[in-house]
Amino acid sequence: MHKLLLDQPGKEMLVLGNEAIARGAVEAGVACATTYPGTPSSELSLAFFQMSKESDLYFEYSTNEKVALEVAAAAANAGIRSMCVMKHVGVNVAADALMTLAYIGVKAGMVLLTADDPFMFSSQNEQDNRYYGKMAGLCVLEPSSLPEAKAMATYAFELSEKLGEPVILRTTTRINHSTGAITLGELVKPNIKGSFTKDPFNLVAIPAVSRRLHTRLLQRLTEAEKITDQSDYNYVQGGGAWGIVCNGVSYNYVCDALNDLGVTDKVSILRIGFSNPMPVAKVTEFLKGKEKILVAEEGEPFMEEAVRSMAQEVGCTIPIKGKGPELFSREGEFDPAGVRKAIAGFFGVDLAPAAVLDLSDVPEIPARPPNLCAGCTHRAVFYEVKKAAENMEIMHPTDIGCYTLGVLPPLSSADFLICMGSSISTGCGFSKFIDQKVVTYIGDSTFFHSGVPGLINAVHNNHNVTMVILDNGTTAMTGHQPNPGVDRDAMGQEGYNRISIENVVKGLGVESVTVIKPYKVQKSVDAIKEALAYQGVSVIIAQELCPLYAKALKRPVKKPFRIDMEKCKDHRLCVDALGCPAMYVENNKVAINAEQCIGCAVCAQVCPEHAIVPIRD
Amino acid sequence: MDPVRLIIVAVGGQGNLLTARVLGEAALASGIPVHMSEIHGMAQRGGVVESSIVFGDAQSSIISDSEADVLLGFEPAETLRALNRCNKNTAVITNTSPLPPFTAAIGKGVYPPLNQMLDLISAKTASLKAFDALKLAHEANNPLGLNMVLLGALIRSGIIPISADTAKQAIKDNTKQAFLESNLKAFDLGFEAAA
Ligand SMILES: Cc1ncc(C[n+]2csc(CCOP(=O)(O)OP(=O)(O)O)c2C)c(N)n1
Ligand code: SF4
Ligand code: SF4
């Protein structure tokens, strides 16, 4: 049985933050979970996926975040408790639905989990999604610890039903990817049978209806303002005349800092866990008798501005600071020492100097950037496109996936990237105005997620671009989740239909469509040359399983390769062209690590001396 | 209990997340509060994987620069790279068998000589225990048991109040049957090596 389905109330268990949230939702009787994968939320979706096979929970990997949110919204409007999971930027994709769903509301509890990523450990930006709560008029909950993450995941459903609105549960990487102990609570039997009663004048967002629904949303927000003021998730701790307002993981760093500085008795903490709407009465009460207030929050000055405006309202003029040169940054994530230093500086507390080591004599250590795996199909395609375009000026709008790593030399195959799906649409724009030939890269998962509208645009407006679809049969970057083009029978999963990218592309009216097998180098180069010469939209679909995924599927392994030293002329064309991590240089000679090499044979086809040969046993 | 802050650095695939997991479970079983955090976004693509584990009475799950009490390094250059996480009172335990980054492997950038790296670490920190953990893992008939060898060495150091028996129980609860025996053997070899 899945460990998160254990029916042992009171049992203590060490779990990942994402698992704590999954358990919290299960204890609330969640019956529908939807997602589009994205770090740092992916393990939460995986837990739901695994549990769905052993329980009544319905789970799906949806095409993109907007679809995921709409599926969950429908479930919640059919009386089914639902949760929708995504990374912070996913909410941008789902935002259109979210803004008006707030007008329509929900019948059963619905929770939107947004996993924010301060410092961008694995994201393209570090936006602060609390503002979505403000913009949509929805409640936002923010846990500081794993037990609280679990408790909030349960409570969020209750709150959602009380208000008739979805609730946003906002985490940051350090909650999702931290591990700690939780205590299991009672499991409830989820309601899995939905129903729908027609009520178009409350459920169809036409202007006349929406005007009324907006009024209702604002009334619900007023109700929420009362709840947040009563909420145990907004609490005061300590009793000193110095005040600190904090949230999320910042709260932990503040608590540790006060201990370290020995000023626990001088400081009162207002911990905000229910951050939208902010608790006006609690904050105003907290301001009373304080000398000054420090607001410790990662990201934007969301609470800081709220606290300051509440202070203004009651004529309180004490210093209220948060973001600023000597205090907290809007960039990156906090850490205990940084928070300690800001507190000491702001309140004038002695701070022991940091015990920094002098590392000036440490030699430069070669970097260890992430690299495409040995034998990665993307590497072969990048090489082949370069080869095919040898005498051309090309530029590459790229997209988000493992292939984004192609930005690094020697492949250097990424020139422009904004967000998922932007490769082909920006390719349309570039191709109109620049001289270089535009060749875009996109993965299969990203193609389904948001690449199709861009391709339709390219065809309809007759842009001159070549779109390379890197179809490695999986969503590799985020942990090999399925996508609509994946062969799920091969994963041992029944009941899914597989969508052919080739049929989609042809169906859209693309006339030049070529499927290549990237491990066949010369054939691929020839096909790409033809596609590049085509005026208009041409599409290359590079089909080969991601080797890491193929390994997980236990596909037959190929013999590794070696260098025939008698033939090798040591010009290192192979290393310089491919940068496959299975290759290394020893005693000034190129060699192949047989344990890493997956036998893709691409280097063997690149070597003009035919010096790279399979190992025979 | 006063907090003890441990940082584990490794290269993707070396299995440090399991080491962290086992330590977490063992702490839980010993009644020691534990908060852990990991960054493993690009683990499978050869990047660095870092875990931080805070034992004892603290709420933070991450560790600031210069504030590790113990640094457990799975690869010598990564141990050296993580020296900014240490201070002069930090205890360092490291594997000495190198795994040069790809950049160095293809002759772009120089992988520092092992002796130089160990000298630097030992000169700047309170103690250094350095040994070839990969060799011991092979001795235990389990090349993937490097993480268990290093766990054994860490427990032997006594810096973390977790007994060998508790750690071994956590290994039993967290490893597949097929690897159990060799994992325990690897743990013992590491435990002995750190004597
Ligand atoms: C809006 C949004 N959602 C999710 C993500 C996380 N994410 C990054 S890449 C990726 C998918 C990659 O899959 P694919 O395009 O098939 O490329 P592969 O990694 O398989 O090469 C996802 C889901 C994101 N960056 N932005
Ligand atoms: S996981 Fe797959 S797609 Fe990603 S770099 Fe490795 S081989 Fe390439
Ligand atoms: S065959 Fe060559 S390119 Fe392919 S994985 Fe082995 S060394 Fe790398």
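Quick note: structure is the one above.
Criteria and thresholds
- Residues numbered from 1 in each chain as written.
- Chains lettered and ligands numbered in written order.
- Predicted model: local features only at pLDDT ≥ 70, side-chain atom pairs only at ≥ 80, totals over all residues.
- Heavy atoms only, no water.
- Helix = DSSP H or I, 4+ residues; strand = E, 2+ residues; numbered from the N terminus.
- Rg over C-alpha atoms; globule rule 2.2 N^0.38 Å.
- Buried < 20%, exposed > 50% of the residue type's maximum accessible area, 1.4 Å probe, protein only.
- Contact = heavy atoms within 4.5 Å.
- Areas by Shrake-Rupley, 256 points an atom, 1.4 Å probe, with all protein chains shown as cover.
- Salt bridge = Lys/Arg side-chain N within 4 Å of Asp/Glu carboxyl O.
- Nonpolar A, V, L, I, M, F, W, Y, C, P; charged D, E, K, R; others polar.
- Pairing = 2+ DSSP bridges.
- Near = heavy atom within 4 Å.
- Polar contact = N/O pair within 3.5 Å; in protein donor to acceptor, adjacent residues only side chain to side chain.
- Right-handed = clockwise from strand over helix to strand, strands pointing away.
- Phe/Tyr/Trp six-rings, centres within 6.5 Å; stacked < 30°, edge-to-face > 60°.

Draft legend 1. Quick peek at the overall build of chain B. Check the secondary structure of chain B and you find 8 helices and 6 strands. Starting at the N terminus, the α and β elements of chain B follow one another as β-α-β-β-β-α-β-α-α-β-α-α-α-α. Whereas a compact globule of 195 residues would reach a radius of gyration of roughly 16 Å, chain B reaches 16 Å, a difference of no more than 12%. On the principal axes, the C-alpha backbone points of chain B span a range of 45 × 35 × 35 Å. A total of 195 residues make up chain B; the buried ones form 57% of that total. Put simply, of all contacts in chain B between residues at least 6 apart along the chain, 64% involve residues at least 24 apart. For chain B, the accessible surface area stands at approximately 7,300 Å², while carbon and sulfur atoms represent 52% of it.

Draft legend 2. Just the interface of chain A and chain B, in detail. If you look at the interface, chain A gives 56 residues, while chain B gives 53 residues. Our count for the chain A to chain B interface comes out at 5 salt bridges. The partner of Arg368(A) in a salt bridge is Glu78(B), with the nearest N and O atoms 2.5 Å apart. Counting only elements with at least two residues in the side of chain A that touches chain B, the list comes to strand E1 (12-16), helix H7 (173-176), strand E8 (178-183), helix H10 (248-261), helix H13 (336-347), helix H20 (573-578) and strand E21 (583-586) of chain A. Grouping the constituent residues of the side of chain A that touches chain B by class yields 34 nonpolar, 9 polar and 13 charged. Pairing geometry for E8(A) and strand E2 (residues 34-39) of chain B, over 2 bridges, is antiparallel. Bridging from a neighbouring strand, Thr179(A) pairs with Met36(B) of E2(B).

Draft legend 3. How the structure looks around the site of ligand 1. Residues and elements named next belong to chain A. In the region of ligand 1, 26 residues are neighbours, and Glu65, His378, Asp444, Thr446 and Ala476 sit closest. At a separation of 2.6 Å, a nitrogen atom of ligand 1 approaches a polar side-chain atom of glutamate 65. Take serine 445: an N or O atom from its main chain is 2.9 Å from an oxygen atom of ligand 1. Expressed as a share of its isolated accessible area of 590 Å², the protein-covered part of ligand 1 is 98%. Where the shell around ligand 1 is concerned, the elements lending two or more residues are helix H4 (88-104) and helix H16 (444-460). Examining the composition of the shell around ligand 1, we find that 4 residues originate from one element, H16, more than from any other. Of the residues belonging to the shell around ligand 1, the class tally is 10 nonpolar, 13 polar and 3 charged.

Draft legend 4. Expanded view of the pairing of strand E17 (residues 465-471) of chain A. All names here are of chain A. Along E17, 7 of the 7 residues are buried, which leaves the element largely enclosed by surrounding structure. Relative to E17, strand E16 (residues 437-443) runs parallel, the two sharing 6 bridges. Paired with isoleucine 442 across the bridge in E17 is isoleucine 469. Assessed by its sense of winding, the connection that carries the chain from E16 through H16 to E17 is right-handed. Strand direction decides the pairing type here: E17 and strand E19 (residues 538-543), joined by 6 bridges, are parallel. Residue pairing for E19: leucine 470 is matched across the bridge by alanine 542.

Draft legend 5. Layout of the side chain of Thr426(A). Residues and elements named next belong to chain A. Inspection of the secondary structure assignment puts threonine 426 in helix H15 (residues 422-433). Among the residues examined, threonine 426 registers a relative accessible area of 17% and is labelled buried. The contact partners of threonine 426, leaving out residues within four places of it in the chain, are Pro397, Phe416 and Ile418.

Draft legend 6. Main features of the packing of aromatic side chains. All names here are of chain A. Scanning all chains against the criterion turns up 14 aromatic pairs over all chains. Ring geometry for phenylalanine 59 and tyrosine 61: centres 4.8 Å apart, planes at 90 degrees, overall edge-to-face. The same class applies to phenylalanine 59 as to tyrosine 61, namely buried. Judged by centre distance (6.0 Å) and plane angle (85 degrees), the ring pair of tyrosine 235 and tyrosine 251 falls under edge-to-face. Taken as a pair, tyrosine 235 in strand E9 (residues 234-237) and tyrosine 251 in helix H10 lie far apart in primary sequence, 16 residues in all.

Draft legend 7. Structural detail: the pairing of strand E2 (residues 32-35) of chain A. All names here are of chain A. Residues Cys32 and Thr34 point to one face of E2 and Ala33 and Thr35 to the other, with burial holding for every one of them. As paired strands, E2 and strand E3 (residues 58-61) are joined by 4 bridges and run parallel to one another. Note that in E3 the partner of cysteine 32 across the bridge is tyrosine 58. Read as a crossover between parallel neighbours, the route from E2 over helix H2 (residues 42-52) to E3 is right-handed. Note: E2 against strand E4 (residues 82-87), 4 bridges, orientation parallel. Across the sheet, cysteine 32 pairs through a bridge with serine 82, a residue of E4.

So far we have only geometry, and geometry alone does not tell us how the molecule works.
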